[in-house]
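One letter stands for each residue in the lines below.
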Amino acid sequence: MQRLKTDLLVIGAGSGGLSVAAGAAQMGADVVLLERGEMGGDCLNYGCVPSKALIASAGRAHGMAGAGPFGVASVAPQVDYAAAQAHVAETISRIAPMDSQERFEGFGVRVIREHGRFISKTEVQAGEHVVTARRIVVAAGSSPFVPPIPGLSEVPFLTNETLWQLRERPAHLLVIGGGPIGLEMAQAHRRLGCEVTVIEAERALGREDPELAAIVLEDLRAEGVTILEETQAAAVRGRDGALEVETVGGRVLRGTHLLVAVGRRANLDGLDLEKAGIDTTRSGIAVDEGLRTSNRRVYAIGDIAGGAQFTHVAGYHAGLVVRNALFGLPVRVKPQILPRATYTAPELAQVGLTEAEARAKYGDRLEVVRFPYQHNDRAIALRQTTGLLKVMVVKGRPVGASIAGAQAGELIGTWALALSAGLRMSDLAGMVVPYPTIGELNKRVAGTYFSPRLFENETVKRIVRLVQRWLP
Ligand SMILES: Cc1cc2nc3c(=O)[nH]c(=O)nc-3n(C[C@H](O)[C@H](O)[C@H](O)COP(=O)(O)OP(=O)(O)OC[C@H]3O[C@@H](n4cnc5c(N)ncnc54)[C@H](O)[C@@H]3O)c2cc1C
Ligand SMILES: NC(=O)c1ccc[n+]([C@@H]2O[C@H](COP(=O)([O-])OP(=O)(O)OC[C@H]3O[C@@H](n4cnc5c(N)ncnc54)[C@H](O)[C@@H]3O)[C@@H](O)[C@H]2O)c1
């Protein structure tokens, strides 16, 4: 057994753990990083990166099939699914050096490729090593939740961990779960030429503003994705290439492949958290608003901390923990400034409160301003006029923004800045944005907040008339 002492021990080399390790080591701390699987974690190997790469292939195919209105002959795309998956693999391998063991060792991080488990409040065992650390960061992430649906364990099914190994195109992909994973992959596969049926127990994209989710779902359905809502999968049977999902209502859906995307489960197993006095909740490790666990020397960040599960959230957590662990500065997570985006086409993005949440919190003080994509010149040129921006405003300041439409994931960044910097609607309305861009939508929706105040206001009109009389 080899004993090591360090300032900071990080468990998990995914989005959160890598950011902590890189930041802390480059600022002079002695850092040990444990990783039992692939460097880069879920996002690089099984999540964000492969899914967005496959979505890019699907977008190309869709563009070819829909080129006619632009004056370019539409063609039925000849999809080579294995080649699309090769594009996915190449994308991962092009990004992988950023997350590699070599790069992190270059920062001075000691990387140990072992599973870590607590053996006391300050010690973690990893293979032949026992690491004692002043501070420990648990960034062990999450895994696909596999629900206890009768028959599921007896049939071959895919998750976000295995989908990328598939080389033959599914003739008919059944997807259980209509959340972001289910719908991003459903649309991508439909565009790559598969039949796709999504089976969703409640409402698809159920966490999102229903008005905006409906815009996305309508387009997916128009592309031929079958989305069954309020339809719970009750049993699964069959074999490779011939699978059946029976719903609670007794309906039987048949397909060739099955993707299970019903949420995530925190990777708590095998960490022996009780040996370190670390409490858990149903969704992960219990943390306070500064991401500290019930063991004050240990932090939990990213997916395992049980909150919003996104790479940028894990990165944000990492920045807070580095500040607190290295400099002792007080930190506090601000959930209201964390954006999210679902990369269907059209995209769906949110930051801060949805309309319903804002209404519940602010009642009559809430004003909701709206602007449709159909009045954006660039969207018209691109034939991407399906979409809507909604901004929730209280006393001249945005408290939330919801966007469905092309590039919603890009547009939401401006509102994330507005919320984190406490900007006013006048700041957004006053910015100058290049014409013609989709980004103009952000300025226009802010302008909509002021239009009735300026254009339907008798006092303004009287002042203008008065000033005009006196001007030379
Ligand atoms: C299909 C899919 C698409 C997604 N798309 C997006 C997206 O577009 N945008 C976005 O922001 N987010 C997306 N996400 C979510 C994003 O991937 C996660 O939120 C992010 O990876 C969480 O980072 P993390 O550091 O908490 O965990 P992870 O990245 O999962 O890293 C945890 C690491 O810890 C390791 N580990 C676990 N236990 C131990 C142990 N005991 N000892 C040693 N090592 C251990 C694991 O092997 C893993 O490498 C997607 C997720 C999925 C599944
Ligand atoms: N673009 C992105 O940023 C992105 C993309 C993919 C995933 N993610 C992250 O990964 C997380 C997990 O995504 P997800 O889509 O797996 O989970 P989710 O929890 O968002 O959605 C799962 C859906 O499955 C449904 N469901 C559960 N059991 C069912 C059953 N028996 N039959 C039918 N439907 C059932 C639920 O009602 C829910 O709508 C997301 O919340 C997000 O944090 C992010």
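We quote the UniProt Sequence similarities (unreviewed entry) comment for the protein chain here in full: "Belongs to the class-I pyridine nucleotide-disulfide oxidoreductase family."

Enquirer: In this structure, what is going on with the site of ligand 2? I would like to understand it.
Expert: Contacts to ligand 2 come from 25 residues, most closely from E184, E200, R207, Q309 and A341. Between I181 and ligand 2, the recorded distance is 3.1 Å, taken from a backbone N or O atom to an oxygen atom. Calculation on ligand 2 without its partners gives an accessible area of 850 Å², and the protein chains cover 82% of this total. For the shell around ligand 2, the secondary-structure elements that each account for two or more residues are α6 (180-191) and β17 (340-342). Considering every element that reaches the shell around ligand 2, the biggest residue donor is α6, with three residues. The residue makeup of the shell around ligand 2, split by class, is twelve nonpolar, eight polar and five charged. For the shell around ligand 2, the two domains that each supply at least three residues are domain 2 (152-262) and domain 3 (337-455).

Enquirer: Sorry if this is basic, but what is going on with the packing of aromatic side chains here?
Expert: Each aromatic ring pair is summarised here by two numbers: the centre-to-centre distance and the angle between the ring planes. Taken as a whole, this structure holds two aromatic pairs when the rule is applied. Seen in terms of ring centroids, Y449 and F450 are 4.9 Å apart; in terms of plane orientation they differ by 85 degrees. Their pairing is edge-to-face. A relative accessible area of 22% means that F450 is categorised as partly exposed. Directly above the aromatic system of F70 lies the positively charged group of R383, at a separation of 5.9 Å from the ring centroid. Across the ring face of Y449, the terminal group of R453 is positioned such that the distance to the ring centre comes to 3.9 Å.

Enquirer: How should the nonpolar core be read in this particular structure?
Expert: General note: in soluble globular proteins, nonpolar side chains tend to be found buried as a group. The biggest cluster of nonpolar side chains holds 39 residues, and the ones touching the most others in it are L54, L183, M185, V196, V198 and I227. Within the residue set of this core, elements represented by two or more residues are α3 (48-65), α4 (81-95), β8 (172-176), α6, β9 (195-199) and α7 (210-222). No fewer than three residues from each of domain 2 (152-262) and domain 3 (337-455) sit in this core.

Enquirer: Any chance you could explain the sheet that holds β9 here in plain terms?
Expert: What links the strands of a sheet is backbone hydrogen bonding, and the strands pair in either a parallel or an antiparallel sense. Spatial strand order, β10-β9-β8-β14: four strands in an open sheet with parallel pairing. Each edge of the open sheet is held by one strand with a lone partner, namely β10 (226-228) and β14 (257-260). The average undirected angle you get between the axes of adjacent strands in this sheet is 15 degrees. Pairing of β8 with β14, which is carried by four bridges, proceeds in the parallel orientation. If you follow L173 over to β14, its bridge partner there is H257. Against the sheet, α6 touches β8, β9, β10 and β14, its axis set at about 165 degrees to β9.

Thresholds applied
- Residues numbered from 1 in each chain as written.
- Chains lettered and ligands numbered in written order.
- Predicted model: local features only at pLDDT ≥ 70, side-chain atom pairs only at ≥ 80, totals over all residues.
- Heavy atoms only, no water.
- UniProt positions renumbered as here; feature names shortened; annotations may be inferred.
- Near = heavy atom within 4 Å.
- Polar contact = N/O pair within 3.5 Å; in protein donor to acceptor, adjacent residues only side chain to side chain.
- Areas by Shrake-Rupley, 256 points an atom, 1.4 Å probe, with all protein chains shown as cover.
- Helix = DSSP H or I, 4+ residues; strand = E, 2+ residues; numbered from the N terminus.
- Nonpolar A, V, L, I, M, F, W, Y, C, P; charged D, E, K, R; others polar.
- Domains from an automatic or database assignment.
- Phe/Tyr/Trp six-rings, centres within 6.5 Å; stacked < 30°, edge-to-face > 60°.
- Buried < 20%, exposed > 50% of the residue type's maximum accessible area, 1.4 Å probe, protein only.
- Lys NZ or Arg CZ within 6 Å of the ring centre and 35° of its normal.
- Core = buried A, V, L, I, M, F, W, Y, C linked by side-chain atoms within 4.5 Å.
- Pairing = 2+ DSSP bridges.
- Axes fitted to C-alpha atoms, helices over the stretch in contact; angles between N-to-C directions.
- Contact = heavy atoms within 4.5 Å.

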